[in-house]
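Take a look at the letters that make up each chain.
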Amino acid sequence: MRATFMYGAGDVRVIDVPDPTLQQPTDALVRVVQTCICGSDLHPYHGMPATAKGTSMGHEFLGIVEEAGSDVSTVKAGDVVVAPFAWQDNTCDYCREGLQTSCRNGGFWNSSGVGGGQAEAVRVPLADGTLVKLPVAADSALLASLLTLSDVLGTGHHAALRAGVDPRTTVTVIGDGAVGLLAVLSAKRLGAEQIILMGRHKDRTDLGREFGATDVVAERGPEGIAKVRELTRGDGTHAVLECVGHLPAYGQALGVVRPGGTISRVGVPQYDDAHIGWNLFGPNITLTGGPAPVRNYIEELMPDILDGKIEPGRVFDRTISLEDTPDGYRAMDQREALKVLVQP
Ligand SMILES: [Zn+2]
C-alpha cells in the first residue's frame, strides 16, 4: 500500500510499504477514507534530523473496518469508524478516569510497530478500546466534521475543560490554527460569553468569530497582552487556552491570565524551560493541559456534529489525494492552508 513517511525536516514522501495485517486477535484493519495533516506534524517538519529509515506519519483518520480480529466485539467488517490520535484499551484505571492518553496498555500511532493514518490502511491495536463506530455512510457529508473527533475537536474541548470553562468564565484562546479555532468553538459550546481569540490571520480569525469568538486580537507580545487587558477591565481572563506550543505563546498566556485563573496548554510545548516562579505563584495561577484523551470525548461531542449544532469540519480548507501529501505539508507550513484533508 501507499503510506506517508517523513525522512527529515521538510522531507515528506509517499512510498510503498507492506500491507498491514492483523497481528493480535484484538487488532482491526481499517481502510482509511479520510485523514489529515496536523499542526503538530509541522514540528518534525521543521526540526526532524535526517534519517535513512524515515517514520510513518499521521494520527487522525476515519475509515472502514476491513477485518477485525477474533477478540474484537464492538466493530466488524464494513463499519465506518473513527480513531483517536492514541490507541488504548479503554478499560484500565487511567482509561476509566478519562485519561486514555496514559493508558497502561495503549500507545501512539507511528510507534511500537504501528503505522500512521496518512496511509491507505492502518492496523489498529486494541480495536475495542480505540475505534468508535460512526452512524453514517462512508460518503456522508458529515465525515470531515467527524474526522475532527480524532484530534483537533477533542483537543480544543480538552483545553477548555482543563481550564474550567463554563458560562461564568471569560476566555482567551491563543493561536488561530485548527486547534485554536476549535478551542473557541468548545468554549462557546461550554457556555463562555466572552471569548478573545489571539491570532494574526484574518481569514482564520473570521472563522473563529463564526465559531464564537467575541473579540479578536491580532497583536502579539506586550501589545497583544495590553489589548486583552483593555478588553477585560485590566484583569485578563479566567481561562487561557494556549494552542500553539512555542515559548512566546506561553509568555502571552502568562500576560493575559486573570489572578486565580488557569492556563491550559494543548499546543505541544517546543520548550522545556519557562517561567513558573512568582508570575504563576503570586496571582494563584493554575498551569494545566496536556495531550487530550480524545477517546473520552467522542461520545459526548459526536451528537452535536450529527445534529448539525457544530461544524468543526470547517477548519479543513483544502482536500488532496494521498500522493499529494508532501505538498499538503508545504501548504500548511507556508500558511497557505489552515488544515489539509487527505483522501487516500
Ligand atoms: Zn487503558
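Residues numbered from 1 in each chain as written. Predicted model: local features only at pLDDT ≥ 70, side-chain atom pairs only at ≥ 80, totals over all residues. Heavy atoms only, no water.

Engineer: Could you clarify how one ought to interpret the sheet that holds strand β14 (residues 237-242) in this entry?
Structural biologist: Sheet strands line up and pair through hydrogen bonds in the backbone, either parallel or antiparallel. Strand order in the open sheet formed by 6 strands is β13-β12-β11-β14-β15-β16, and the pairing between neighbours is parallel. One side of each edge strand has no neighbouring strand; the edge strands of this open sheet are β13 (215-217) and β16 (286-289). In this sheet, adjacent strand axes meet at a mean angle of 20 degrees when their direction is disregarded. As paired elements, strand β11 (residues 171-174) and β14 share 4 bridges and run parallel to each other. Bridge pairing in β14 links I174 to E242. Here helix α6 (residues 178-189) sits on the sheet and contacts β11, β12 (195-198) and β14; the angle it forms with β12, its principal contact strand, is near 180 degrees. (Pairing = 2+ DSSP bridges. Helix = DSSP H or I, 4+ residues; strand = E, 2+ residues; numbered from the N terminus. Axes fitted to C-alpha atoms, helices over the stretch in contact; angles between N-to-C directions. Contact = heavy atoms within 4.5 Å.)

Engineer: Looking at this structure, I do not really get the environment of H275. What am I missing?
Structural biologist: Among the secondary structure elements, H275 is positioned in the loop between β15 (257-265) and α10 (278-281). The contact partners of H275, leaving out residues within four places of it in the chain, are Y250, L254 and L280.

Engineer: I keep staring at the coordination of the zinc ion and nothing clicks. Help me out?
Structural biologist: Where a metal carries four tetrahedral donors, each ideal angle is 109.5 degrees; where it carries six octahedral donors, the ideal angles are 90 or 180 degrees. Looking at the zinc ion, one finds its protein donor set to be D89 (OD), C92 (SG), C95 (SG) and C103 (SG), positioned 2.1 to 2.3 Å from the metal centre. For the zinc ion, the 4 donor atoms in the first shell make angles of 92 to 121 degrees at the metal, so the coordination geometry reads as tetrahedral. Its relative accessible area of 4% is what places C95 among the buried residues. (Donors = N, O, S within 2.8 Å, 3.2 Å for Na, K, Ca; no water. Tetrahedral: all angles 85-135°; square planar, octahedral: opposite > 155°, others 65-115°. Buried < 20%, exposed > 50% of the residue type's maximum accessible area, 1.4 Å probe, protein only.)

Engineer: What exactly am I supposed to notice about the sheet that holds strand β2 (residues 11-16) here?
Structural biologist: Across the sheet, 3 strands lie side by side as β2-β1-β4; this open sheet has antiparallel pairing. Because the sheet does not close on itself, it has two edges, and the strands there are β2 and β4 (55-56). This element, helix α12 (residues 325-333), spans β1 (2-8) and β2 of the sheet and lies at about 160 degrees to β2.

Engineer: When you look at α12 in this model, what are you seeing that I'm missing?
Structural biologist: Since one α-helical turn is 3.6 residues long, residues separated by three or four positions face the same way. Those residues of α12 that sit buried are T325, G328, Y329, A331 and M332. Projected down its long axis, α12 carries its buried residues within an arc of 165 degrees, all on one side. Backbone geometry just after α12 places R335 at a positive phi near 60 degrees. (Arc of directions from axis to C-beta.)

Engineer: Explanation requested: the packing of α6 against helix α7 (residues 202-211) in the structure shown.
Structural biologist: Helix-helix packing: each pair is described by the crossing angle between the helix axes and the interaxial distance. Running from N to C, α6 and α7 cross one another at 15 degrees; their axes reach a closest spacing of 8 Å. When the interaxial angle is binned, α6 and α7 end up roughly parallel. Once α6 is placed against α7, the crossing between them reads as right-handed. Contact residues: α6 offers L181, L182, V184, L185 and K188, while α7 offers R204, L207, G208 and F211. (Parallel < 35°, antiparallel > 145°, perpendicular 65-115°, else oblique. Left-handed = near helix turned anticlockwise from the far one by under 90°.)

Engineer: Help me understand the pairing of strand β5 (residues 61-68), please; the structure alone is not making it clear to me.
Structural biologist: Successive residues of a regular strand alternate their side chains across the two faces of the sheet. Inspection of the sheet shows strand β3 (residues 28-36) paired to β5 by 7 bridges, in the antiparallel sense. If you follow A28 over to β5, its bridge partner there is A68.

Engineer: How should the pattern of salt bridges be read in this particular structure?
Structural biologist: Two side chains that carry opposite charge are able to pair once their charged atoms sit near each other. In total, this model carries 20 salt bridges according to the counting rule given. Notably, a salt bridge pairs D11 with R13, separated by 2.9 Å at the nearest N-O pair. Its relative accessible area of 25% is what places D11 among the partly exposed residues. For R13, a relative accessible area of 38% puts it in the partly exposed group. Residue D166 pairs with R168 through a salt bridge whose shortest N-O separation is 3.1 Å. Each of R189, E300, D304 and K309 takes part in one network of salt bridges that share partners. (Salt bridge = Lys/Arg side-chain N within 4 Å of Asp/Glu carboxyl O.)

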